[in-house]
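# Residue-level structural notes
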Amino acid sequence: MNVIRNSMEGIRASEELKKNTLRYLEKHQNRPGGSGAHVRIKYVFAAICVLFLLGTGGYSAYIRPVSYVSIDVNPSIELGINQFGRVVKTSAYQETGQEVLAHVSLNHLMYLEAIGQLLENNAFRRYIKEDSLLMITVISDNQDRMMEEIEADEILQRYGVMAYTSDTTCMEEAHAHEMSFGKYRACLELLQYDESVTLEDCHGMTMREIRNRTEGCMGGKEETSLEGTGTGTTGTGGLHHEGHHGH
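Residues numbered from 1 in each chain as written. Predicted model: local features only at pLDDT ≥ 70, side-chain atom pairs only at ≥ 80, totals over all residues. Heavy atoms only, no water.

### A look at the overall build of the protein
- For the protein, the count of helices and strands is 12 helices and 7 strands.
- Across the 247 residues in the protein, those meeting the buried criterion constitute 45%.
- Contacts spanning at least 24 positions in sequence make up 56% of the contacts within the protein whose residues lie at least 6 apart. (Helix = DSSP H or I, 4+ residues; strand = E, 2+ residues; numbered from the N terminus. Buried < 20%, exposed > 50% of the residue type's maximum accessible area, 1.4 Å probe, protein only. Contact = heavy atoms within 4.5 Å.)

Given below as structure tokens:
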């Protein structure tokens, strides 16, 4: 393992990624089963593959987000996810969100694992009350697969999450208003029904408040997406899925 550790010194990668890689290899090197020599050779080879990937430009591909997930209750957290399904970027909105990220490390985790750790973290859990509403919004070229994975996740089912899809234009507009794209999408839906509300008003509202006000303004009308497609469906296990494509 010292050979691997020394080999990493010249690799252009974050210290956190190096530490996580070493921790993973050390953990699996001592797993029961198989001869010690065989196991060591297997994981040394795996480490060499990792180093080769990082050393030949693969690192730039690893750290580039290709999908995004917005997790909103109040506070709001965004995750940037690479092509391997791992979190490579985290963003927080409002001081409460920044405080949460100061207490939990999500980088390099698989995105569902990262969401689970976030929801189970005490710094985030204290914002989830009995009547809170947790929304997850996905932007991805593989959004159908990601939505299926989110709907099947036991932790998210337990929280009764409402899941949506959006697009990069919505995200750009949201960030211009210093808001997560998940909350921004919900605010646009509210503004569609209540012209007296402004985006500034929405900054201080929880997702439950936004949702309740939207439903009150709809007055029992059939719910539609912001594009009028009317694609809302109810997922299993208490997880509600709204196919709100676009913004």
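### Here's the deal with the side chain of Asn-121
- Considering the arrangement of structural elements, one finds Asn-121 in the loop between α5 (111–120) and α6 (122–125).
- Taking relative accessible area as the criterion, Asn-121 reaches 16% and is therefore assigned buried.
- Within the structure, the side chain of Asn-121 is placed 2.9 Å from the backbone nitrogen of Ala-123, a separation counted as a polar contact.
- In this structure, Asn-121 is in contact with His-103 and Val-104, ignoring residues within four places of it in sequence. (Polar contact = N/O pair within 3.5 Å; in protein donor to acceptor, adjacent residues only side chain to side chain.)

### What to know about the packing of aromatic side chains
- For the coordinates displayed, the defined rule picks out 1 aromatic pair.
- The ring of Tyr-164 carries the charged tip of Arg-185 above its face, separated from the ring centre by 3.7 Å. (Phe/Tyr/Trp six-rings, centres within 6.5 Å; stacked < 30°, edge-to-face > 60°. Lys NZ or Arg CZ within 6 Å of the ring centre and 35° of its normal.)

### Considerations on the confidence of the model for the protein
- For the protein, the mean per-residue pLDDT works out to 79, and 66% of the residues sit at or above 70.
- A low-confidence stretch, residues 221–238 stays under pLDDT 50, and its non-local contacts, those more than four residues away or across chains, total 38 contacts. (pLDDT = per-residue confidence, 0-100.)

### Some thoughts on helix α7 (residues 143–152)
- When we look at burial in α7, the residues that qualify are Gln-143, Met-146, Met-147, Ile-150 and Glu-151. Projected onto a plane normal to the axis of α7, the buried residues spread over an arc of 135 degrees and lie on a single side. For α7, the exposed residues lying more than 90 degrees away from the buried face are Asp-144, Glu-148 and Ala-152. (Arc of directions from axis to C-beta.)

### Details of the pattern of salt bridges
- Here the structure, examined in full by the defined rule, presents 8 salt bridges.
- A salt bridge links Glu-120 to Arg-125; its shortest N-O distance comes to 3.9 Å.
- By relative accessible area, Glu-120 is classed as partly exposed at 37%.
- Residue classification places Arg-125 among the partly exposed positions, given a relative accessible area of 38%.
- Note that Glu-189 and Arg-211 form a salt bridge whose closest N and O atoms lie 3.9 Å from each other. Here Glu-189 is found in helix α10 (residues 181–193), whereas its partner Arg-211 is found in helix α12 (residues 207–218), with 22 residues between them in sequence. Each of the two residues, Glu-189 as well as Arg-211, counts as buried. (Salt bridge = Lys/Arg side-chain N within 4 Å of Asp/Glu carboxyl O.)

### Quick notes on the side chain of Thr-214
- Within the fold, Thr-214 resides in helix α12.
- Of the residues examined, Thr-214 reaches a relative accessible area of 2% and is grouped as buried.
- In terms of polar contacts, Thr-214 uses its side chain to reach the backbone carbonyl oxygen of Ile-210, at 2.8 Å.
- Among all residues touching Thr-214, those that are not within four sequence positions of it are Glu-189, Leu-190 and Tyr-193.

### Digging into the pairing of strand β5 (residues 162–165)
- Side-chain alternation along β5 places Met-162 and Tyr-164 on one buried face and Ala-163 and Thr-165 on a second face that is also buried.
- Note that strand β4 (residues 135–139) and β5 share 4 bridges and pair parallel. Along β5, the bridge assignment pairs Met-135 with Met-162. (Pairing = 2+ DSSP bridges.)

### A few points about the pairing of β4
- Among the 5 residues of β4, 5 are classified as buried, and the element is accordingly described as predominantly covered.
- Burial of the side chains of β4 extends over both faces: Met-135, Thr-137 and Ile-139 are buried on one face and Ile-136 and Val-138 on the other.

### Focus: the environment of Ala-102
- Among the secondary structure elements, Ala-102 is positioned in the loop between α4 (94–101) and α5.
- Along the primary structure Ala-102 and Ala-92 are separated by 10 residues, whereas in three dimensions their C-alpha atoms are 9.9 Å apart.

### A word on unusual backbone geometry
- Of note in the backbone geometry, Asn-74 takes a positive phi value of approximately 120 degrees without being a glycine.
- By secondary structure assignment, the location of Asn-74 is in the loop between β1 (67–72) and β2 (76–81).
- With a phi angle near 55 degrees, Glu-178 is a residue other than glycine that sits in the positive phi range.
- Tracing the backbone shows Glu-178 in the loop between α9 (168–176) and α10.
- For Glu-178, a relative accessible area of 63% translates into the label exposed.

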